[in-house]
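Observations on the model geometry
Spelled out from the first residue to the last, the chains are:
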Amino acid sequence: MSYPPVTPMPDHERVLGQIQRGEVRAGAEAAREIAARQQEAYGSAFLGSPAEALRRQMRAAALTSLGELKGAA
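Remember, predicted model here, so these are calculated numbers, not experimental data.

**Considering the overall build of the chain**
- On a plain count of helices and strands, the chain comes out with three helices and zero strands.
- Order of helices (α) and strands (β) in the chain, N terminus to C terminus: α-α-α.
- Counting all 73 residues of the chain, 4% fall into the buried class.
- Summed over its atoms, the accessible surface of the chain is roughly 6700 Å², and 61% of this surface lies on carbon and sulfur atoms.

**Points about a nonpolar patch on the surface**
- Side chains of Val 15, Leu 16, Ile 19 and Val 24 sit close together on the surface and give an oily, nonpolar patch of about 280 Å² of accessible area.
- Tracing the chain through its elements places Ile 19 in helix α1 (residues 11-20).

**Section: helix α2 (residues 28-42)**
- Helix length check: α2, at 15 residues, gives a terminal C-alpha distance of 21 Å against a target of 21 Å (1.5 Å per residue), a fit within 8%.
- Positive phi appears at Gly 43, one or two residues downstream of α2, with a value of about 65°.

**A short note on the pattern of salt bridges**
- Scanning the model with the defined rule gives four salt bridges in all.
- Glu 33 is the salt-bridge partner of Arg 25, the closest N and O atoms lying 2.6 Å from each other.
- Classification of Arg 25 as partly exposed rests on a relative accessible area of 47%.
- Judged by its relative accessible area of 30%, Glu 33 is partly exposed.
- When salt bridges that share partners are traced, they join Arg 25, Glu 29 and Glu 33 into one network.

**Notes on the environment of Val 24**
- Secondary-structure assignment places Val 24 in the loop between α1 and α2.
- With relative accessibility at 34%, the residue Val 24 sits in the partly exposed group.
- In this structure Val 24 touches Gln 18 and Ile 19, once residues within four positions along its chain are discounted.

**Overview of the confidence of the model for the chain**
- Summing up the model confidence of the chain, the mean pLDDT is 83 and the portion of residues at 70 or higher is 88%.
- Per-element confidence in the chain ranges from a low mean pLDDT of 82 for helix α3 (residues 50-72) to a high of 91 for α1.

Calculation notes
Residues numbered from 1 in each chain as written. Predicted model: local features only at pLDDT ≥ 70, side-chain atom pairs only at ≥ 80, totals over all residues. Heavy atoms only, no water. Helix = DSSP H or I, 4+ residues; strand = E, 2+ residues; numbered from the N terminus. Buried < 20%, exposed > 50% of the residue type's maximum accessible area, 1.4 Å probe, protein only. Areas by Shrake-Rupley, 256 points an atom, 1.4 Å probe, with all protein chains shown as cover. Patch = residues over 30% accessible without salt bridge, like charges linked within 9 Å, V, L, I, M, F, W, Y side chains within 5 Å. Salt bridge = Lys/Arg side-chain N within 4 Å of Asp/Glu carboxyl O. Expected span 1.5 Å × (residues − 1). Contact = heavy atoms within 4.5 Å. pLDDT = per-residue confidence, 0-100.

Shown next as structure tokens:
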């Protein structure tokens, strides 16, 4: 018994097929639903760019450290 050679499917064909079959959602409506779930689950932890999130975390850590230093003095 001989099998035909398997040729890999290009990524764009695979992804488009998944979208057509409803396995993956894409588009503005899906993006809004994902953003709403993220906001509900994580609050504002992920608002803005990664750099802005890091800046907020660094500022909070610095303020916490300053508060601890003032409390130790």
